Amino acid sequence: MTTVDTTPPASETRSTAASLLRLARKNKLSTFGLVMFVLILLAAVFAPLIAPHDPLAQNIVDRLQDRSAEYPLGTDKFGRDTFSRILYGLRVSLLIGLTSTALAMVLGCALGIIAGYRGGWIDTVIMRCMDMLLAFPTLITGLFIVAVLGANFINIVLAITVTILPKFARVARAPTIALKEREFVEAARALGYSDTRIMSIHIAPNIMGEVVVLASLWAAYAIRIEAYLSFIGLGVAPPTPTLGTMIRDGFNNILDAPYVSIYPGFAVLLVVLSLNLVGDGLRDAIDPKLRD
Amino acid sequence: MTSPLMQIEDLSISFKIDDEWCRAVNGISFDIMPNETLCIVGESGCGKSITAMSLMKLLPDSAKLGGSVMFGERNMLSLSERELEDVRGSRIAMIFQEPMTSLNPVLTVGEQIAEPLVLHKGMSWSAARREARNLLDLVRIPDAQKRLGQYPHELSGGMRQRVMIAIGLACRPEILIADEPTTALDVTIQAQVLALLEDIRKEQGLSIVMITHDLGVVANVADRVAVMYAGEMVETGPVEAIFDAPSHPYTQALLRTVPRADAAFELSPISGQVPPIQAMPDGCRFSPRCAEEHRACRVTPKLSPGPHSVACWAREGAA
Amino acid sequence: MARYIIQRLLSTIPTLFGILTIVFVMIRIAPGDPALAILGDNASQEALNAFRERMGLNDPMIVQYWDFLKGLFSGSLGTSMVTGTPVTESIGEVLPFTLELAFGAIFFGVIIGVPLGIISALWRNGWLDYFFRVVSLLGLSFPAFLTAILLILWLSIEWRIFPVISTPTSGGLWDRIYNLILPALSLGLIMVAYIMRSARSAMLDVLGEDYIRTARAKGAPGRRLIWHHALRNALIPIVTVVGLYFGLLIGNAVLTEIIFNRPGLGKLIVLSLNQRDYTTLQGLMVVSALMIVIVNLLTDICYALVDPRVKLK
């Protein structure tokens, strides 16, 4: 009797883990990015403990101040502490950015895998829809959705998800087409496993490496879109501080107090940079063609 | 006796693999005589291609070169990049294995053939293009005028290799190095290209160094043969001598791998494998695969003197 | 060539059609009554009804859709819900400013990004390469508004080279260019990062090609190798990147316009958002999708110009 091994090759996931370790030693920049991101994440999570002031507390006497011991990053035009507001703003940025990336990753991969695995008209319909979404300038898609549906947490997450979802679908589809011809998938099919089971257990884990890399890069992008949307005035409703809104508000005082806009701007930069550093290093580790 | 055109003395080429220098070519010496076809044969990975490249110092900077390549009074290996540019394409030219990828896809055939003329002979582009037309005639490409304005992708593989040859011949070089020029071509086209090279050599009186793994090619065109194994030269001599009286055990084994009409022995592959470059045996590099044994095999043998020389302790006259 | 362009435009019709439908449906299913949103809560019932009638909002959805498509075929995007001016007119008025900004940004992106990418590739793994790569990663991460703010602070306020607010409508051509430089540079710096990275990797790929070795064997000097033999081949993937990121560029142009207070699609978008002018918004979506389609076409034409293997058929 012959036994058919239907477990997907584990070597691919293991080699990813191994290359991650190698990367951490070799690519100091992405390790640095990871540390930076974790620190920012912790700062956002523990914002209530770290923030020296109430982010909403106005103190008109101390308005538009530069850095001081009392206000580490100065104050805005209402005398609110910029540093505390940035910490709370980061919570919004990270929550929206990471939620929408996770949603886009799950939905996009599911669509991509189904399109690639099923082929035929299902593939055509799914990918045509993705093409349509890609036909808009990304920020404008997000802008339109939030504008039409109204600016609140759920709609912003939805808008960003829809914007970046096609990218995941594309990345998941191509390897699925290759994988479905591989022996372990054919064996699973011969054993009568359902398509859903094959797609979720046998195909999905094998394309995760590439998807995770993309996720970190698109999370960086999602966070930027959130900042852009709130900069335009389509952020979560005040008084919750968001980085984009802070930058926009500070812009009115750009001549006499530029720091009011600049510090939140740098906060966006740091989050995005940390994720880009991680994603860049991961991509180098996983895609040998892009490695030096 | 004529003096050699180029003298290669104790040439060695090393690459860094995992932080360790590995000798891909280990101290080889040979001469290139005027108006001859010298074939360097060996299995893939024996170092013949990098040897060919090093004659023009075309290897990347990561390669460490030792020994000397004397061309006239000058050692190619110690010339500056500026001086090398003057020699490359004008006095020594090279054609490569892959005609598909060796031509620049975005430049016209005419421009690519005319370029060395402009670079080295100081011709104007229009004069060089006229000369390019003659060169296309020389390499027997029909419809030359039309071809000049075409791009490489519009030509067949054999046609592209002829264009490569035309580029190589443009400045009437003294030496033409051909690295597996026919490997990528169909058999019938192969024969045409080889015949063309042979005719041109006779007409123009240049020397051809042909790198190949194909003993059929060697039998066709070679005047002299140099056999390489694992980065070393194991036997050199006139083509008749090598084919009729191969001396080195490797050469003998190599010849047994090709079918011959007059073969008295059975076809047989060489047992074992070429050792990896990081783990070369001491002494004779062929010894682990060699049927014969000599007490000195653990010491590197040197090529014996004379027109037909061999590097094997088990042969008489080996030093 | 003309035939190719027409064919390409025709082939995008299904996608465009889908886009139009999505935009149309989204606007109709949007929560809230546009009449109420525009006329305000205090508007009388008659006024609201008159508005709905005028904008065709009382018709069944399918009739509205039909009118919308009919309008498109006659080149109309409807009239603004707020001002009553044709949408094509208000978009046409500001579109040139966005386009000149976008192309100005691409110009800066290319003239700065390509040489830096090439230098990076040639000094591969040297300290300069390392430095440029860090800089480009930083560039990729810079939010558009931060770049703009920093440029304004340095070049306008500190050094007083460029005006803080870009007012391209006054004065002649030179004035227009002068007003364009700072916003275009600010937007272009994002492109610089993308172009630099792709130029670097394209150059590295090309330098490893056999034909570069052939050119070296011909005795072509280093400069000629890079600028003549390698660059034209490396341009092919660079063209792709420029085309690919045009969408990103348009999105960022919106932000740049707002910061520099320049007329353009960005300001129009924000204005119609604030006024709940759905027809104008709908028109803006259609136009921006159309822009992407045209840029993709231009990218293909550029391909054919750079790469003789590509035939426009």
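K.L.:
Honestly, the overall build of chain A in this entry has me stumped. Any pointers?
P.N.:
The secondary structure content of chain A amounts to 11 helices and 0 strands. Scanning chain A from its N terminus toward the C terminus, one meets helices and strands in the order α-α-α-α-α-α-α-α-α-α-α. For chain A, with 292 residues in total, the buried portion stands at 48%. Across chain A, the fraction of contacts at a sequence separation of at least 24, relative to all contacts at a separation of at least 6, is 72%.

K.L.:
Explain the pairing of strand E7 (residues 175-179) of chain B to me, please; I cannot follow it from the model alone.
P.N.:
The two faces of the sheet receive side chains in turn, since in a regular strand these alternate between them. Residues and elements named next belong to chain B. Where burial is concerned, most of E7 is hidden: 5 out of the 5 residues are buried. Of the two faces of E7, the one holding Ile175, Ile177 and Asp179 and the one holding Leu176 and Ala178 are both buried throughout. When strand E6 (residues 92-95) meets E7, the two strands line up parallel, connected through 4 bridges. Residue Ala93 lies in a different strand from E7, and its bridge partner there is Leu176. As paired strands, E7 and strand E8 (residues 207-212) are joined by 5 bridges and run parallel to one another. By the bridge assignment for E8, Ala178 is matched with Met210.

K.L.:
I tried to follow the sheet that holds strand E11 (residues 309-310) of chain B on my own but got confused; where do I start?
P.N.:
Strands belonging to one sheet form pairs held by backbone hydrogen bonds; the direction of such a pair is parallel or antiparallel. Across the sheet, 7 strands lie side by side as E6-E7-E8-E3-E9-E10-E11 (chain B); this open sheet has mixed pairing. Of all the strands in the sheet, the pair left with one neighbour each is E6 and E11 of chain B.

K.L.:
How should the domain arrangement of chain B be read in this particular structure?
P.N.:
By convention, interface size is frequently given as the accessible area that disappears when the constituent parts associate. Residues and elements named next belong to chain B. Here chain B is partitioned into domain 1 (6-91 + 173-310) and domain 2 (97-172). Domain 1 puts 17 residues into the contact, and the matching count from domain 2 is 18 residues. With 7 residues, helix H8 (residues 187-204) is the single largest residue contributor to the side of domain 1 that touches domain 2. Residues belonging to the side of domain 1 that touches domain 2 are distributed by class as follows: 10 nonpolar, 5 polar and 2 charged.

K.L.:
For this particular structure, what's the right way to read the sheet that holds strand E2 (residues 20-32) of chain B?
P.N.:
All names here are of chain B. Pairing is antiparallel in the open sheet, where 4 strands are placed in the order E2-E1-E4-E5. Lying at the two open borders of the sheet, with one neighbouring strand each, are E2 and strand E5 (74-75). As defined by bridge partners, strand E1 (residues 6-17) adjoins E2 across 9 bridges and the pair is classed as antiparallel. Residue pairing across strands places Ser14 opposite Arg23, the latter belonging to E2.

K.L.:
Would you take a moment to explain the interface of chain C and chain A for this structure?
P.N.:
Contacts between the two partners involve 38 residues from chain C and, on the opposite side, 36 residues from chain A. Where the side of chain C that touches chain A is concerned, the elements lending two or more residues are helix H2 (13-29), helix H7 (127-141), helix H8 (144-158), helix H12 (246-260), helix H13 (265-275) and helix H14 (278-306) of chain C. With 8 residues, the single largest contributor to the side of chain C that touches chain A is H12(C). Partitioning the side of chain C that touches chain A into residue classes produces 30 nonpolar, 8 polar and no charged.

K.L.:
Please clarify how the packing of H8(C) against helix H9 (residues 173-207) of chain C should be interpreted in this entry.
P.N.:
Helices that pack against each other are described as a pair by the angle of their axes relative to one another and the distance between those axes. All names here are of chain C. Relative orientation of the contacting elements H8 and H9 amounts to 135°, with a least axis distance of 9 Å. With respect to H9, the element H8 is oriented oblique. Here H8 and H9 pass one another in a crossing that is right-handed. Two secondary-structure elements touch here, H8 through Ala144, Thr147, Ala148, Leu151, Leu155 and Ser156 and H9 through Leu182, Leu185, Ser186, Leu187, Leu189 and Ile190. The class makeup of the residues in the contact of H8 with H9 is 9 nonpolar, 3 polar and no charged.

K.L.:
Is there a simple way to think about the environment of Leu72(C) in this case?
P.N.:
Residues and elements named next belong to chain C. Relative to the helices and strands, Leu72 is located in helix H5 (residues 61-73). With 16 C-beta atoms packed within 10 Å, Leu72 lands in the partly exposed category. Spatially, the C-alpha atom of Leu72 lies 9.8 Å from that of Val286, the residues being 214 residues apart in sequence.

K.L.:
Looking at this model, I keep getting lost on the nonpolar core. Mind explaining?
P.N.:
In this structure, Leu143(A), Phe168(A), Trp218(A), Ile195(C) and Ile238(C) are the most contacted members of the largest nonpolar core, which totals 158 residues. The element best represented in this core is helix H9 (residues 195-232) of chain A, accounting for 20 residues. Leu143(A) has contacts with Leu229(A), Ile232(A), Leu234(A) and Ile269(C), leaving out every residue within four places of it along the chain. Membership of the second largest hydrophobic core comes to 94 residues, among which are Leu117(B), Leu119(B), Met159(B) and Ala222(B).

K.L.:
Looking at this structure, how should I read the interface of chain C and chain B?
P.N.:
Listed as interface residues are 18 residues of chain C and, on the opposing side, 24 residues of chain B. A total of 7 residues in the side of chain C that touches chain B trace back to one element, the largest contributor, which is helix H10 (residues 210-217) of chain C. Of the residues belonging to the side of chain C that touches chain B, the class tally is 6 nonpolar, 4 polar and 8 charged.

K.L.:
Explain the environment of Leu229(A) here, please?
P.N.:
Residue and element names in this part refer to chain A. Inspection of the secondary structure assignment puts Leu229 in helix H9. Residues Leu229 and Leu134, spaced 95 residues apart in sequence, show a C-alpha to C-alpha distance of 19 Å. Not counting residues up to four positions away in its chain, the partners in contact with Leu229 are Gly142, Leu143, Val146, Ile156, Leu234, Gly235 and Gly244.

K.L.:
Is there a simple way to explain the packing of H12(C) against H14(C) in this structure?
P.N.:
Residues and elements named next belong to chain C. Relative orientation of the contacting elements H12 and H14 amounts to 145°, with a least axis distance of 10 Å. Here H12 runs over H14; the crossing is right-handed. Counting all contacts with H12, which are made through Phe246, Gly247 and Ile250, the residues of H14 involved are Ser288, Met291, Ile292 and Val295. Along the lines of polarity and charge, the residues of the contact of H12 with H14 split into 5 nonpolar, 2 polar and no charged.

K.L.:
Would you mind going over the environment of Ala166(B) with me for this structure?
P.N.:
All names here are of chain B. Its place among the elements puts Ala166 in helix H7 (residues 157-169). Taking C-alpha positions, Ala166 is 7.8 Å from Ala132, a pair spaced 34 residues apart along the chain. Not counting residues up to four positions away in its chain, the partners in contact with Ala166 are Ile113, Leu135, Leu136, Leu138 and Val139.

K.L.:
So what exactly am I meant to see when it comes to the arrangement of the chains here?
P.N.:
Counting contacts across all 2 pairs of chains that touch, the top pair turns out to be chains A and C. Over all C-alpha pairs, chain A and chain B never come within contact, reaching a minimum spacing of 15 Å.

What counts as what
Numbers given to residues run from 1 along each chain, matching the order in which its sequence is written. Both sets of labels track the order of writing: A upward for chains, 1 upward for ligands. pLDDT decides what is reported in this predicted model: residues at 70 or higher carry local features, side-chain atom pairs at 80 or more are listed and counted, and totals for whole chains, interfaces and linings draw on all residues regardless. Put simply, DSSP marks the helices as runs of H or I at least four residues long and the strands as runs of E at least two long, and each gets a number from the N terminus on. Field definition: a residue is buried when 20 or more other C-beta atoms are found within 10 Å of its C-beta, exposed when 12 or fewer are, and partly exposed for counts in between, with C-beta atoms placed from the backbone. Two residues qualify as a contact pair if the distance between their C-beta atoms, derived from the backbone, is within 7 Å. For two strands to be treated as a pair, DSSP must find no fewer than two bridges joining them. These domain limits were set by an automatic method or by a database of domain assignments. We call Asp, Glu, Lys and Arg charged. Ala, Val, Leu, Ile, Met, Phe, Trp, Tyr, Cys and Pro are nonpolar, and the rest, Gly among them, are polar. Note on method: axes are straight lines fitted to C-alpha atoms, helices fitted across the in-contact stretch only, with angles between N-to-C directions ranging 0 to 180 degrees. If an angle is under 35 degrees, it is roughly parallel; if it is over 145, roughly antiparallel; if it lies from 65 to 115, roughly perpendicular; otherwise it is oblique. Working rule for handedness: look at the near helix, and if it is turned counterclockwise from the far one by less than a right angle, call the crossing left-handed; if clockwise, right-handed. Nonpolar core, as used here: buried Ala, Val, Leu, Ile, Met, Phe, Trp, Tyr and Cys residues forming one set through C-beta atoms within 7 Å.

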